[in-house]
Amino acid sequence: MAPVERIYQGTMACVQDARDLATYAEQLKHIDLGTIEQSGGLDSVTVVIIVGESMRRDYMHCYGYPLQNTPYADSLIQAQELIPFSNVVSPASATILSNTRSLTFYTQEQGEKPWYKFPSIINVLRQAGYATAWIANQEITGKYSMSNLLGRQADILTGNPAFFKGLGGEGVANRPDLFDEVILPFLLHHRDLSDSLRMSSPRGLFQIVHLMGSHMTYKERYPQAFNKFTSDSLPIHKGEAKDLVISAYINSLLYTDHIIHEIIERYREENALVIYLSDHGDALFDEDYPELMGHALVPLAVEIPLFVYFSPQLRKERPDLWRQISRQRDKRILSDLLTHALVDLLGIHTEYTQPRFNFFAPTYDDRRTRIVVSPTSNKKMVME
């Protein structure tokens, strides 16, 4: 009877997941934003948020790692075209817990209230006059899919055909059709939209690009051309098996650097703001946890990169905002405030808006306690 029981239990779990998702979607749909006011921010702009996966900053050359695995970020930073934030922490060590905080108005101050009681960044920007799109290179079904939870709120949900046709599986080996470059042709411009959507979105286009990034298994996340670093390349050795894992991880970051560059280049000639933020990092046999790898509630595994890019046209039009953001680059940040910060930066004000949560502005209060939660227990960690 064991196989029958497993079929029954699995089916009932799927049914309950579907009910939960329907509840979340319905709750989000009916949140009242009150009066939306707009003043002082960016206007007629394309906004791209690149949501990374499992990228921690201490293994990136642009943040001080010895191996040169971020050549494009390095060059943009040197040219003062990219602002790297140096002290950003993820609110959780897993994708769902992290992104349902960073992509909604939910913050740690809300305590035990469910995240879906708070507006998502997509719904806010739709109501503020932006066309919205979600472009996915991860699963689009199930309760652990960000595309399912939030992407379906966008005007356009698109991405890797392997996932949209039900052919994807992030654990499948040797699948070039799952590399992040596959979604580059799906990136949108305001001119690409239908006439009706373009007319109803006078403020511009907002899109979230959800990458596969460095999701385990790392060696399956990049083409052979990016297999640059080997175990012998590493500045510190932790054993043969561990070194193979770490070198593959470093190569996956090299590939993500390439993808970020490719996305930026597609918007260089227009009025565009691009933000890259990883959902969390991974434990990688760190000093205090020498046998631990993957999603984990340890300090280095939640210290993440955040980049801000203004296109040349946008920097020319708004040098004041560019300088303002640059001055904030070393502030203490918990990334559950991303929605607050971006919405305020765009000059959109709702009853949920709190200027003290906009880490792009001098109104930001960086004395805020940064609490990181575990995906598997009630444990929490305070980050200084």
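All figures in this text were calculated on a predicted structure; none of them were measured in a lab.

S.K.: Which parts of the structure should I look at to understand the nonpolar core?
M.R.: Within soluble globular proteins, side chains that are nonpolar tend to cluster in buried spots. Counting residues in hydrophobic clusters, the biggest one holds 57 residues, and the most contacted among them are Phe 85, Ile 121, Phe 206, Leu 273, Val 308, Leu 342 and Phe 359. No other element matches helix H11 (residues 338-345), which puts 5 residues into this core. Non-local contacts of Val 308, meaning those with residues more than four positions away in its chain, are made with Glu 81, Leu 82, Ile 83, Phe 85, Leu 273, Val 274, Ile 275, Trp 322, Ile 325 and Phe 360. Of all hydrophobic cores here, the second largest spans 42 residues; its members include Tyr 65, Phe 179, Leu 184 and Ile 250.

S.K.: Could you clarify how one ought to interpret the sheet that holds strand S6 (residues 204-210) in this entry?
M.R.: One open sheet accounts for 8 strands, arranged S5-S4-S6-S2-S7-S10-S3-S11; its pairing is mixed. The two strands at the open ends of the sheet, each matched to only one other strand, are strand S5 (156-159) and strand S11 (333-334). By the bridge criterion, 7 bridges tie strand S4 (residues 130-136) to S6 in an arrangement that is parallel. When the bridges of S6 are listed, Trp 134 appears paired with Ile 208. Contacts from H11 reach strand S2 (45-52), S6 and strand S7 (272-278) within the one sheet, and its direction differs from that of S7 by about 170°.

S.K.: Looking at this structure, how should I read helix H3 (residues 95-102)?
M.R.: Every α-helix carries 3.6 residues per turn, so stepping three or four residues along brings you back to the same face. Across the 8 residues that make up H3, a large majority, 7, are buried. Looking at H3, one finds that the buried residues are Thr 95, Ile 96, Ser 98, Asn 99, Thr 100, Arg 101 and Ser 102.

S.K.: What is the right way to read the packing of helix H2 (residues 71-78) against helix H8 (residues 240-265) from this model?
M.R.: A packed helix pair is summarised by two numbers, namely the angle formed by the two axes and the spacing between the axes. Between H2 and H8, whose axes approach to 7 Å, the crossing angle comes to 50°. When the axis of H2 is compared with that of H8, the two are oblique. For the pair formed by H2 and H8, the contact residues are Pro 71, Tyr 72, Ala 73 and Leu 76 on the first element and Leu 254, Asp 257, His 258, His 261 and Ile 264 on the second. Among the residues forming the contact of H2 with H8, the class breakdown is 6 nonpolar, 2 polar and 1 charged.

Rules used in this analysis
Counting of residues starts from 1 at the beginning of each chain's written sequence and follows it residue by residue. It should be noted that, the model being predicted, local features are given only for residues of pLDDT at least 70 and side-chain atom pairs only at 80 or more, the latter also being counted only at that level, while totals for whole chains, interfaces and linings use all residues. The side-chain quantities take in all heavy atoms of the structure and omit both hydrogens and water. By nonpolar core is meant a set of buried Ala, Val, Leu, Ile, Met, Phe, Trp, Tyr and Cys residues that side-chain atoms within 4.5 Å join together. Think of it in three bands: with a 1.4 Å probe and only protein chains considered, a residue is buried below 20% of the maximum accessible area for its type, exposed above 50%, and partly exposed in between. Numbering of helices and strands runs from the N terminus; a helix is a DSSP stretch of H or I covering at least four residues, while a strand is a stretch of E covering at least two. Any pair of residues with heavy atoms lying within 4.5 Å of one another is described as a contacting pair. A strand pair is defined by DSSP finding two or more bridges across the two strands. Angular values range over 0 to 180 degrees, each being the angle between N-to-C directions of two axes fitted as lines to C-alpha atoms, with helices fitted over their stretch in contact. Note that the term roughly parallel is reserved for angles under 35 degrees, roughly antiparallel for angles over 145, roughly perpendicular for angles of 65 to 115, and oblique for everything else. Each residue is assigned to one of three groups, with Ala, Val, Leu, Ile, Met, Phe, Trp, Tyr, Cys and Pro labelled nonpolar, Asp, Glu, Lys and Arg labelled charged, and all others, Gly among them, labelled polar.

Interpretation note: all reported values are geometric properties and have no functional meaning in isolation.
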